[in-house]
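Examination of the molecular architecture
Next come the chains, spelled out residue by residue.
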Amino acid sequence: MKLQQRKTRLRAAALGALAVSGALVLTACGSDNNSGSTGGTGTKTNAASDVKCDGAKGQLRASGSSAQKNAMDLWAKGYMAACPGVDINYKSSSSGEGIVAFNQGTVGYAGSDSPLKPAEVADSKKVCTGGQGIDLPMVGGPIAVGYHLEGVDNLVLDAPTLAKIFSAKIKTWDDPAIKKLNPGAKLPSKAIQPFHRAEDSGTTENLSKYLTAAAPGDWKYPVGKSWPAPGGQAAAGSAGVSQQVKQVDGSIGYFELSYATSQKISTVKIDTGASAPVEATSDNASKAIAAAKVVGTGSDLSLKLDYTTKADGAYPIVLVTYEIVCDKGNKSDTLGTVKSFLNYTASDEGQKQLSTAGYAPIPTEINAKVRKTLATIS
């Protein structure tokens, strides 16, 4: 009897230790680390079947757009499980910082929510020996306009109203323009607290492109990565903006849908002139991105988006994140890993994973061009 009791106690202790271990793993998985290794937290992940590890080795450092952070996290975990000994280290900062790092030669590739400018292409020639930086569209998705307004869980806005809110011309939630778009809502006489990105950001640039195209009479600020309008408060990265919106009653801000989804932040439906206001979803963003045209030349695959679409179910505030690589002159010690990893992210399997994380896959015909271009980089 004593022997049986001792076995029972030992079994209970072992199960308790296992439970504690499991809790620690879950805690580690739930942390939001915006820098360092995207997949090195010890999380056990099934290896991705579309990975070809040929030529991949060592550590691949990359940085840039915070918009694609959650996608990179997802991809890196599957890739590193399939390619032991390879470490994908994506530092989430901003598109502007990523391009600077790329043109300084400190990363193997950069992520940006907008294509390279002519001056940035010129700078890239200093590190791309015999070549230049090119844009490869990899991640699509909606820019959600998130808000926190107690008592209001269904909000519709249009481009002119958004332009006035983000330029501090509309200051309270019970403004007549907002009331007109939301006749059934109980809008409080509360100050609107808009939040925008503190650093240069492709997300900011894409929002500005949308407002410029869809509300030209109310948004007369230059399009660029830095926030151009007066008023509002700044926060660092999409994570910082979404955290402020989550915490502050009366707030509004913009960030990728994955941040709204993960933090359960309400998002604005956009009145585009279609038959019904359009919600920020992966499927609705895909309908808008499907109309994009390739405008890049040579190996560059930069796209032109239609921000003024009135198609039913097409969410107009979208972005495409590009991976920036050299067409020629990539560093020999990282070239194999860059090609291997980005071929996986552009694979059918890699793209299918985007919808589960609140992103939109790149249209199939454009994605095929990305894979074809990756085969030629050197």
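This text follows the structure it describes.
Now for a quick tour of the structure. Being a predicted model, the structure only gives us computed values, none of them experimental. (Residues numbered from 1 in each chain as written. Predicted model: local features only at pLDDT ≥ 70, side-chain atom pairs only at ≥ 80, totals over all residues. Heavy atoms only, no water.)

**Considering the state of the cysteines**
Spelled out, the test is: Cysteine sulfur pairs qualify as disulfides if the two atoms are within 2.5 Å. A helix here means a DSSP run of H or I that spans at least four residues, while a strand means a run of E at least two residues long, and both kinds are numbered starting from the N terminus. Here's how the labels work: a residue is buried when its accessible area is under 20% of the maximum for its type, exposed when over 50%, partly exposed in between, all with a 1.4 Å probe on protein chains only.
Tallied over the entire structure, the rule returns two disulfides. Here Cys 53 connects covalently by a disulfide to Cys 83, the sulfurs 1.9 Å from one another. A torsion of -85° about the S-S bond marks the disulfide between Cys 53 and Cys 83 as left-handed. Of this pair, Cys 53 sits in the loop between helix H1 (2-30) and strand S1 (59-64) while Cys 83 sits in the loop between helix H2 (69-82) and strand S2 (87-92), and the two are 30 residues apart along the sequence. Of the residues examined, Cys 53 reaches a relative accessible area of 27% and is grouped as partly exposed. On the accessibility criterion, Cys 83 (2% relative accessible area) is buried.

**Examining the environment of Lys 179**
Note the cut-off: Contact between two residues is taken to exist if any of their heavy atoms lie within 4.5 Å; hydrogens are not considered.
Topologically, Lys 179 is positioned in helix H6 (residues 176-181). Note: C-alpha distance between Lys 179 and Leu 157 (22 residues apart in sequence) is 9.7 Å. Contacts of Lys 179, omitting those with residues within four sequence positions, involve Asp 174 and Leu 187.

**A closer look at the pairing of strand S6 (residues 193-197)**
Applicable threshold: Strands pair, by our definition, only if DSSP identifies at least two bridges between them. Crossover handedness is defined by viewing with both strands directed away from the observer: a clockwise path from the first strand over the helix to the second marks the crossover as right-handed.
Counting buried residues in S6 gives four out of five residues, a clear majority hidden from the surface. Direction of pairing for S6 relative to strand S8 (residues 251-256): parallel, over a ladder of two bridges. Considered in S8, the bridge of Gln 193 is made with Ser 251. Across three bridges, the pairing between S6 and strand S7 (residues 233-235) is parallel. When the bridges of S7 are listed, Phe 195 appears paired with Gln 233. Where the polypeptide runs from S6 across helix H7 (residues 202-214) and back to S7, its parallel neighbour, the crossover connection is right-handed.

**Concerning the side chain of Ser 94**
Spelled out, the test is: For the purposes of these results, a polar contact is taken to be a pair of N or O atoms within 3.5 Å, where, inside protein, one atom must be able to donate a hydrogen and its partner to accept one; residues adjacent in sequence count only when each atom of the pair is a side-chain atom.
For Ser 94, the location among the structural elements is in the loop between S2 and helix H3 (95-103). Among the polar contacts made by the side chain of Ser 94, one reaches the side chain of Glu 97 at a distance of 3.1 Å. Sequence-distant contacts of Ser 94, that is, excluding residues within four places in its chain, are made with Gly 64, Ser 65, Arg 197, Glu 199 and Asp 200.

**Description of helix H11 (residues 332-345)**
Note the threshold: Take the residue count of a helix, subtract one, and multiply by 1.5 Å to get its expected span.
Spanning 14 residues, H11 covers 21 Å between terminal C-alpha atoms, matching the ideal 20 Å at 1.5 Å per step. In terms of residue burial, H11 counts as a mostly covered element, since ten of its 14 residues are buried. Within H11, the full set of buried residues consists of Thr 334, Leu 335, Gly 336, Thr 337, Val 338, Ser 340, Phe 341, Leu 342, Tyr 344 and Thr 345.

**Focus on the nonpolar core**
Where we set the bar: In plain words, nonpolar cores are sets of buried Ala, Val, Leu, Ile, Met, Phe, Trp, Tyr and Cys residues tied together by side-chain atoms within 4.5 Å.
One finds Leu 155, Leu 162, Ile 178, Tyr 210, Ile 252 and Ile 317 to be the most contacted residues of the largest nonpolar core, which totals 60 residues. At five residues, helix H5 (residues 159-166) tops the list of elements feeding residues into this core. Those residues in contact with Tyr 210 that lie beyond four places of it in its chain are Ala 159, Leu 162, Ala 215, Ile 270, Tyr 307, Pro 316 and Ile 317. Formed by 33 residues, the second largest nonpolar core is a distinct cluster that contains Ala 48, Trp 75, Ala 76 and Leu 136.

**Notes on the packing of H5 against H7**
Definition in use: Angles here are taken between N-to-C directions and fall from 0 to 180 degrees, while the axes themselves are lines fitted to C-alpha atoms, restricted in helices to the stretch in contact. Here roughly perpendicular refers to angles of 65 to 115 degrees, roughly parallel to angles under 35, roughly antiparallel to angles over 145, and oblique to all remaining angles. In this scheme the handedness of a crossing depends on how the near helix is turned from the far one: anticlockwise by less than a right angle means left-handed, clockwise means right-handed. Residues are grouped as follows: Ala, Val, Leu, Ile, Met, Phe, Trp, Tyr, Cys and Pro are nonpolar; Asp, Glu, Lys and Arg are charged; every other residue, Gly included, is polar.
Relative orientation of the contacting elements H5 and H7 amounts to 125°, with a least axis distance of 9 Å. The orientation of H5 with respect to H7, classified from their angle, is oblique. Note that H5 runs across H7; the crossing there is left-handed. Contact with H5, carried on its side by Ala 159, Leu 162 and Ala 163, involves Tyr 210, Leu 211 and Ala 214 of H7 and no other residues of that element. Its residues assigned to classes, the contact of H5 with H7 comprises six nonpolar, no polar and no charged.

**So, the pattern of salt bridges**
What counts is decided by this rule: A carboxyl oxygen of Asp or Glu within 4 Å of a side-chain nitrogen of Lys or Arg is what we treat as a salt bridge.
All chains considered together, the criterion is met by eight salt bridges. Between Lys 69 and Asp 73 there is a salt bridge; the shortest N-O distance is 2.7 Å. With Lys 69 and Asp 73 both in helix H2 and four residues apart, this pair spans about one turn of that helix. Classification of Lys 69 as buried rests on a relative accessible area of 5%. The salt bridge involving Arg 371 is made with Asp 348; its shortest N-O contact spans 3.9 Å.

**With respect to the packing of H2 against H11**
Packed helices, taken two at a time, are described by the angle between their axes plus the distance between the axes. Relative to each other, H2 and H11 sit at 115°, their axes nearing to 10 Å. Compared by their axis directions, H2 and H11 come out roughly perpendicular. The handedness of the crossing between H2 and H11 comes out as right-handed. The residues of H11 that touch H2, namely those facing Met 72, Trp 75, Ala 76 and Tyr 79, are Thr 337, Ser 340, Phe 341, Tyr 344 and Thr 345. Classifying every residue of the contact of H2 with H11 by side-chain character gives six nonpolar, three polar and no charged.

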